[in-house]
Amino acid sequence: EDAEKSGYDHYMLKEIHEQPSSLRQCLRGRIDELEGTVDLPELEAIDHDGPIQFVACGTSYHAALFGAERLRTSGVDAHAFLASEYASDRVPVDEDTLVVGVTQSGETADTLRALREADRAGATTLAVTNTVASSAARECDHTLYIRAGPEIGVAATKTFASQQLALALLAFELGDEPTRGELEALRDIPGQVQTVLETTDARAVAETFVDADAYFFVGRGYHYPVALEGALKMKEITYRHAEGFAAGELKHGPLALVTERTPVFAVVTGDGETARKTIGNVKEVEARDAPVVAITDGTSDVARYADHVLEIPAVDDLGASVLANVQLQLVAYWVANLLGRSIDKPRNLAKSVTVE
Ligand code: G6P
């Protein structure tokens, strides 16, 4: 087993460090920069211009939120649903709908159930999965593989990043054609993840806050799913209280929880409207004496209001959400490591949940 961890103490850390290569694998042969096109032959048969619904659980749901938002920027009617709530939400679905199941394992019972219901209603189904010949891949009309390679750690890391990139590719296939700049931006993400891995201060931040009462994560737009995922990673492997919020929702309740013992991790990139608004929220928590950790590319002045900065390369918001998430994976990993937790096999959790 030690040999399989390639010198890392845990599979999770190994898998975090595999992200540059797993992301390259996700993109390989799928971007034609000369032609300026995305090439996904497995999706060519999908002729769809109706609504798109994503169904997923856990980390994959956070990727689904990201994918739906990405498609909406191309004007596509796309929404993400928790697979376990899909039926009771009474989501309208018919033969004009494309239902996309995002599932690393391809075996999650809630997600399979939602996909089967969609199929019964006449929808076209697509599995976005890591697992060849999984139930989702076999049952859906179409399959897009994220090609992340096997993930052993129960807490999903590299598969989330690969889901993000696969869904960005999907958006070019189903939404607007990519520009050359957008294709270059996608191609550059693996190398930028490598930069984050080589320069991160996540371990020092984890050491500073290992005794915190709770950990809060905030973001807007593409960074909202990252806030949710940062909190989920922290809960899963540290057993500490962690919550992710849309930054604008802080003032509608969560602010009551904020103290000098609850660090707030804020993802702020670029210096546009989204960043400005989140910086406003950062000031609100700073005024309540909460320590602020900014995950930022340094283009705004958020560092002025932060106690710690986790820096990422300056890229567009889509790429930044991949990079910011890597920083948060590492913070969760190091807090769990300092607490001596069972990182690869957290208590009460399973890699794949095959009951509803
Ligand atoms: C379990 C795992 C999570 C995962 C979720 C969905 O709860 O512990 O890490 O995100 O299932 O799994 P899936 O295979 O459908 O992506």
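A brief structural summary. (Residues numbered from 1 in each chain as written. Predicted model: local features only at pLDDT ≥ 70, side-chain atom pairs only at ≥ 80, totals over all residues.)

## Digging into unusual backbone geometry
Next, step 1: Positive phi outside glycine occurs at A133, with the angle close to 65 degrees.
Next, step 2: Inspection of the secondary structure assignment puts A133 in the loop between strand 6 (124-129) and helix 5 (135-139).
Next, step 3: Judged by local crowding, A133 falls into the exposed class, with 10 C-beta atoms found within 10 Å.
Next, step 4: Unlike most non-glycine residues, D289 shows phi in positive territory, near 70 degrees.
Next, step 5: Residue position: D289 is located in the loop between helix 10 (273-287) and strand 11 (292-296).
Next, step 6: Since 11 C-beta atoms lie within 10 Å of it, D289 is described here as exposed. (Helix = DSSP H or I, 4+ residues; strand = E, 2+ residues; numbered from the N terminus. Buried ≥ 20, exposed ≤ 12 C-beta atoms within 10 Å, placed from the backbone.)

## Section: the site of the ligand
Next, step 1: Taken together, 17 residues lie near the ligand, and G58, T103, Q104, S105 and T108 sit nearest.
Next, step 2: Tallied by class, the residues present in the shell around the ligand amount to 7 nonpolar, 9 polar and 1 charged. (Near = placed C-beta within 6 Å. Nonpolar A, V, L, I, M, F, W, Y, C, P; charged D, E, K, R; others polar.)

## What about the sheet that holds strand 4 (residues 78-82)?
Remark on secondary structure: sheet strands pair via backbone hydrogen bonds, oriented parallel or antiparallel.
Next, step 1: Spatially, the 5 strands line up as an open sheet ordered 4-3-5-6-7, and their pairing is parallel. Only two strands of the sheet have a single partner each, and these edge strands are strand 4 and strand 7 (142-145). Mean inter-strand twist for the sheet, computed between neighbouring axes without regard to direction, equals 20 degrees.
Next, step 2: Contacts from helix 4 (residues 109-120) reach strand 3 (52-56), strand 5 (98-103) and strand 6, with the element oriented near 165 degrees to strand 5. (Pairing = 2+ DSSP bridges. Axes fitted to C-alpha atoms, helices over the stretch in contact; angles between N-to-C directions. Contact = placed C-beta atoms within 7 Å.)

In short, the description is geometric, and any link to function would need to be established separately.
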